[in-house]
Amino acid sequence: MIDCKLSNVKEIRVFDNASEKIFTDSEEFERIIDYLNSIDATPKEPDDVDGFAYLIDITYNDGTTTPIVLRGNAIVVDEKYYSISEEASDGFKDSYNK
């Protein structure tokens, strides 16, 4: 789902409803991206649901960004929509709070 070389990642920003965390370490990049890639996701049609549990921005050394919205039973990566389990969304926080 997230196709990137870790060596090209400059930072990852994670926003939840209460705070923002900025990650700049390659081990943190690997842990977060591995978790996102481990989510069983099925492509789906876009929906008009607002809100989020997490907003994630992966910024690369060239200045480009991959925006990700994680909410309930859906994940949106670069404006591509996927169905996921709510447990996958709920478990995301554990991937970066280690």
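Since the model is a prediction, treat every value here as computed from it, not as a measurement. In every chain, residue numbers begin from 1 and rise along the written sequence. Two thresholds apply to this predicted model, a pLDDT of at least 70 for residue-level local features and 80 or more for giving and counting side-chain atom pairs, whereas whole-chain, interface and lining totals are computed over all residues. No hydrogens and no water enter the side-chain calculation; it runs on all heavy atoms of the structure.

> Would you mind going over the overall build of the protein chain with me for this structure?
A tally of regular secondary structure across the protein chain gives two helices and seven strands. The atom set for the radius of gyration is the C-alpha atoms, and the globule formula is 2.2 Å times the number of residues raised to the power 0.38. Scaling as 2.2 N^0.38, a compact globule of 98 residues should have a C-alpha radius of gyration of about 13 Å, and the protein chain matches this with 13 Å. The principal-axis extents of the C-alpha atoms in the protein chain amount to approximately 30 × 25 × 20 Å. Each residue's exposure class comes from its accessible area (1.4 Å probe, protein chains only) as a fraction of the maximum for that residue type: buried when under 20%, exposed when over 50%, partly exposed otherwise. Buried residues in the protein chain amount to 36% of all 98 residues. A separation threshold of at least 6 residues defines the contact pool for the protein chain, and within that pool the share at least 24 residues apart is 56%. Comment: elements are numbered from the N terminus, with helices defined as DSSP H or I runs of at least four residues and strands as E runs of at least two. Contacts are assigned to residue pairs with any non-hydrogen atoms lying within 4.5 Å of each other.

> Would you explain the side chain of Arg-71 in this entry?
Following the sequence through the fold, Arg-71 ends up in strand S5 (residues 65-71). Arg-71 gets classed as buried once you look at its relative accessible area, which sits at 12%. A polar atom in the side chain of Arg-71 sits 2.6 Å from the side chain of Asp-47. Contacts of Arg-71, omitting those with residues within four sequence positions, involve Asp-47, Val-49, Gly-51, Phe-52, Ala-53, Val-76, Tyr-81 and Ser-89. Think of a polar contact as two N or O atoms within 3.5 Å of one another; within protein, one of them needs to be a possible hydrogen donor and the other a possible acceptor, and neighboring residues in sequence only count if both atoms come from side chains.

> Would you explain the packing of aromatic side chains in this entry?
Any pair of aromatic rings gets described here by the distance separating the centres and the angle formed by the planes. Two aromatic rings, drawn from Phe, Tyr or Trp (for Trp, its six-membered ring), form a pair once their centres lie within 6.5 Å of each other, and the interplanar angle then sorts them: stacked below 30 degrees, edge-to-face above 60, tilted otherwise. Summed over the entire model, instances satisfying the criterion amount to two aromatic pairs. Ring geometry for Tyr-54 against Phe-92: centres 5.0 Å apart, planes inclined by 65°, an arrangement best described as edge-to-face. Highlighted residues: Tyr-54 in strand S4 (residues 54-60) and Phe-92 in helix H2 (residues 86-96), separated in sequence by 38 residues.

> Can you walk me through the packing of helix H1 (residues 26-38) against H2 in this structure?
A pair of packed helices is captured by two measures, namely the crossing angle of their axes and the spacing between those axes. It is the contact of H1 with H2, at a shortest axis distance of 9 Å, that shows an interaxial angle of 165°. One element, H1, and the other, H2, form an angle in the roughly antiparallel class. Note that H1 runs across H2; the crossing there is right-handed. Contacts between H1 and H2 involve Arg-31, Ile-32, Tyr-35 and Leu-36 from the former and Glu-87, Ala-88, Gly-91, Phe-92, Ser-95 and Tyr-96 from the latter. Classifying every residue of the contact of H1 with H2 by side-chain character gives six nonpolar, two polar and two charged. A fitted line through C-alpha atoms represents every axis, and for helices the fit uses only the stretch in contact; the resulting angles, taken between N-to-C directions, go from 0 to 180 degrees. Here roughly perpendicular refers to angles of 65 to 115 degrees, roughly parallel to angles under 35, roughly antiparallel to angles over 145, and oblique to all remaining angles. Should the near helix be turned anticlockwise from the far one by less than a right angle, the crossing is left-handed, and should it be turned clockwise, the crossing is right-handed. Under this grouping Gly is polar, as are all residues other than the nonpolar Ala, Val, Leu, Ile, Met, Phe, Trp, Tyr, Cys and Pro and the charged Asp, Glu, Lys and Arg.

> I keep staring at H2 and nothing clicks. Help me out?
Given 3.6 residues per turn, any residue in an α-helix points the same way as the ones three and four places further on. If you check which residues of H2 are buried, you get Ala-88, Ser-89, Gly-91, Phe-92, Ser-95 and Tyr-96. Along H2, the residues classed as buried sweep out an arc of 165° about the axis, all on the same side. Looking at H2, the residues exposed on the side facing more than 90 degrees away from the buried face are Glu-87, Asp-90 and Asp-94. The inward-facing, buried residues of H2 abut strand S1 (9-15), strand S2 (20-23), H1, S4 and S5. Throughout, the arc means that of the directions going from the helix axis to the C-beta atoms.

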